[in-house]
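Structural features, examined
Chain by chain, the residues:
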Amino acid sequence: MSKLKLATVWLDGCSGCHMSILDMDERLLAIAEVVDIVYSPIVDTKDYPDAVDIALVEGAVASVDDERKIRKIRAHTKLLVAMGDCAITGNVPSMRNPIGPQAILDRAYIENASAQPQIPCVVVPQLLRVVRPIHEFVKVDVFLPGCPPSADTFHAALTALATGVPLDIPALTRFGA
Amino acid sequence: MSQTITIDPVTRLEGHGKITIQLNGEGEVEDAHFHVTQVRGFEKFAEGRPFYEMPSLMARICGICPVSHLIASARACEAIMSVRIPRTAAQLRRMLNLAQMVQSHALSFFYLASPDLLLGMESDPAARHIFGVVAAKPELGRAGIGLRRFGQHIIELLGKKRIHPGWVVPGGVTEPLEASKRDEILAMLPEAYANIQLALAAYKQIADTFRHEIEVFANFQSNYMSLINEDESIEFTVGALRVIDSSGNILEDGILADGFSDLIGEAVEPYSYTKFAYLKSLGYPAGSYRVGPLARLNIAKTMGTPLAEKELAEFKQLASGPVQSSFHYHHARLIEILYGIEKIELILADPLILDKHVRAFAGVNRLEGAGQAEAPRGTLNHHYKVDENGLITWANLVIATGQNNNAMNRGVLQAARHYVKDGKFTEGALNRVEAVIRTFDPCLSCSTHAFGQMPLVLTLLSHNGEVVDRVIR
Ligand code: SF4
């Protein structure tokens, strides 16, 4: 049997969910025996592959880039996992929603700048007006809450997903865990 | 026809970054930029929230170095409360910060950079990752995983959670250290020592084969800044800031957190969401400086621990003054890991380390406060203002990556000029340009209080900017 293709993606998150995946430590090596990590911040693939079996997506959708990415990921992925509270509820990144992107940009790049105040606009992507969780853009197959979900949660969930055993998520993790 | 090479995303990096390289009609590199492509707005949405929430909120800026944010934030809150935290709490926080430094450096060196260093800059990109390293060099790959686990496990023992522990609070920490946990950490030390000694020996063996990279990986004169103790030993959690110039002369010294904003300004460039920090006295960009492991070892006169002390002496032999090539960040990182393990052992030997007094309580006694710490990748400053009720009215955060931003951009240009010739380049050449960024270990989630990634696209533009051709790597 060929190995399952796994992708891990960062949208607007803090990387804590990715770090928690790495917190599986040596167990990662066993996971890598049964899945191929085809796309992730820790490998060198630049373009999202065509047929991914499982994608773990961290973070909320906050910029036009994020939105483009999540649509592409959905189109090329069998099972999409929203990992962590930011992906599922918007969590910390969505705290800017009542304020709006303009005030955020003004504070960072105009008020709190002492030289060349200006809003960056070259190459960098435009922010969405509202930060929203992934399922408001595309269908999500599995929700794995936690800030971040623990390494044990990832280990149990990936093992179950790889072997087709049903997942009992409430037994594994909770929001804010 | 001019042409732009885009490396997108820069991989094996902590966050969303792109590199663009502009070629002129002759195919010579004209300019190059490192773009950080997300922004989150912590400085603004913190407003209106109680100051004592800040550490656990600000930790969510970054899952890689949440501890440094916890500590800088708690120290800013303690300035607002006007308290000095109990000595044991200070020692415990120091240990926590060192544990994080060890795990984050292990991540940077082994998971992100070592595929280039141990497998080769030109090695097969499909296997250029930590699993490729474990397959090719099992002992070293496992040493890296072990060192990261060592740091993360200490954080979990102290703070009950590996990422975003709620243990660090304004006033100190929530719970004292139990004897059983101290003993568990002590028992982990021998393996950690063995792992870092193995890595240091392996690094020194191969360092010479990177002579060419050392010459062009952000190898130039600059100023440096880091925390340092009064006895001129390296420090991550307390101490004061020192700034030196490219010859090692002291430009600024004894700077505490509340003096930071007089010293450091931030400039904005249109192509990045990460700002560019500079010394106000020298202006922008002349006042640019580097932070992080290279800066810390250039500034420290002593490590204060025996094994790391020997390594520091050897490191200083690399140059007659400050070590200038950013390639040496890797070496500096390994030395700091060794120091971290030794220092954790020393802290655990403190007779008061199990003391029960670990938290001071107070309300608002000042309307403004700042706190600083060394994150693994460099100096971090949190600065808050509050109202009488302790609600945040203003916040500014200056983060390591912003302070290295100018050097990263100069370094990318320097390497691009070297590796891209006559408009021609190989995959390995572009990987080297990315590897310049990896030496700095920038935390892009931190730097814009942000993050992400995308495909590498080579876009050919005509002189009037029209897209003529696109190649996806
Ligand atoms: S859920 Fe928590 S750990 Fe995960 S990205 Fe969001 S803030 Fe970070």
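First, a word on what this report is: a plain description of the structure on this page. Quick caveat: nothing in here was measured; it's all calculated off a predicted structure. (Residues numbered from 1 in each chain as written. Chains lettered and ligands numbered in written order. Predicted model: local features only at pLDDT ≥ 70, side-chain atom pairs only at ≥ 80, totals over all residues. Heavy atoms only, no water.)

A short note on the overall build of chain A
Within chain A one finds seven helices and seven strands. Secondary structure elements in chain A, listed N-terminal to C-terminal, are β-α-α-β-β-β-α-β-α-α-β-β-α-α. A compact globule built from 177 residues would reach a C-alpha radius of gyration of about 16 Å, and chain A, at 17 Å, matches this within 12%. If you line up chain A on its principal axes, its C-alpha atoms span 55 × 35 × 30 Å. Out of the 177 residues belonging to chain A, those deemed buried represent 59%. Taking as baseline every contact in chain A between residues at least 6 positions apart, the subset at least 24 positions apart corresponds to 79%. Separation between the mean location of the 16 positive side-chain charges and that of the 21 negative ones in chain A comes to 6 Å. (Helix = DSSP H or I, 4+ residues; strand = E, 2+ residues; numbered from the N terminus. Rg over C-alpha atoms; globule rule 2.2 N^0.38 Å. Buried < 20%, exposed > 50% of the residue type's maximum accessible area, 1.4 Å probe, protein only. Contact = heavy atoms within 4.5 Å. Lys, Arg positive; Asp, Glu negative; His and termini not counted. Charge placed at Lys NZ, Arg CZ, Asp CG, Glu CD.)

Thoughts on the overall build of chain B
If you tally the helices and strands in chain B, you get 15 helices and 16 strands. The C-alpha radius of gyration computed for chain B amounts to 22 Å, which stays within 12% of the reference 23 Å derived for 473 residues, consistent with globular compactness. Projected onto its principal axes, the C-alpha coordinates of chain B cover approximately 70 × 50 × 40 Å. In the structure as shown, chain B presents an accessible area of about 15100 Å², 52% of it carried by carbon and sulfur atoms. In chain B, which carries 46 positive and 52 negative side-chain charges, the distance between the mean positions of the two groups comes to 3 Å. (Areas by Shrake-Rupley, 256 points an atom, 1.4 Å probe, with all protein chains shown as cover.)

Some words on the nonpolar core
Counting 165 residues, the largest nonpolar core has I21 and Y384 of chain B as the members making the most contacts within it. Here this core gets 17 residues from one element, more than from any other, and that element is helix α4 (residues 87-119) of chain B. Counting 21 residues, the second-largest nonpolar core is a separate cluster that includes Y39, I73, L80 and A87 of chain A. (Core = buried A, V, L, I, M, F, W, Y, C linked by side-chain atoms within 4.5 Å.)

Some details on helix α14 (residues 427-440) of chain B
Residues and elements named next belong to chain B. Taking 1.5 Å of rise per residue, 14 residues should cover 20 Å, and α14 covers 21 Å from first to last C-alpha, within 8% of that figure. With 13 of 14 residues buried, α14 is to be regarded as a mostly interior element. Of the residues trailing α14, D441 is marked for its positive phi of about 50 degrees. (Expected span 1.5 Å × (residues − 1).)

Overview of unusual backbone geometry
The linkage connecting C147 of chain A with the following residue, P148 of chain A, adopts the cis geometry, with an omega of -10 degrees. Its identity is not glycine, yet H164 of chain B carries a phi of approximately 60 degrees, on the positive side. Of note, H164 of chain B is situated in the loop between α6 (138-159) and β4 (168-169). For H164 of chain B, a relative accessible area of 4% puts it in the buried group.

Overview of the pattern of salt bridges
It is possible for side chains of opposite charge to pair when their charged atoms get near one another. All names here are of chain B. If you walk through the whole model with that rule in mind, you get 43 salt bridges over all chains. Between K204 and E311 there is a salt bridge, and its shortest N-O distance comes to 2.8 Å. Placement of K204 in helix α7 (residues 179-207) and of E311 in helix α11 (residues 306-316) is noted, with a sequence separation of 107 residues between them. For K204, a relative accessible area of 31% translates into the label partly exposed. Salt-bridge contacts for E434 lead to R438; the nearest nitrogen and oxygen are separated by 3.2 Å. (Salt bridge = Lys/Arg side-chain N within 4 Å of Asp/Glu carboxyl O.)

Some thoughts on the pairing of strand β2 (residues 17-23) of chain B
If a strand is regular, its side chains alternate between the two faces of the sheet. Residue and element names in this part refer to chain B. Taking burial as the measure, the seven residues of β2 include six buried ones, the bulk of the element. In this structure, strand β1 (residues 3-7) lies alongside β2, joined through five bridges in antiparallel fashion. Each residue of the ladder has a partner; that of Q3, found in β2, is L23. Once β2 ends, the chain turns through five residues before running back antiparallel as strand β3 (residues 29-36), passing G27 with a positive phi of about 80 degrees. (Pairing = 2+ DSSP bridges.)

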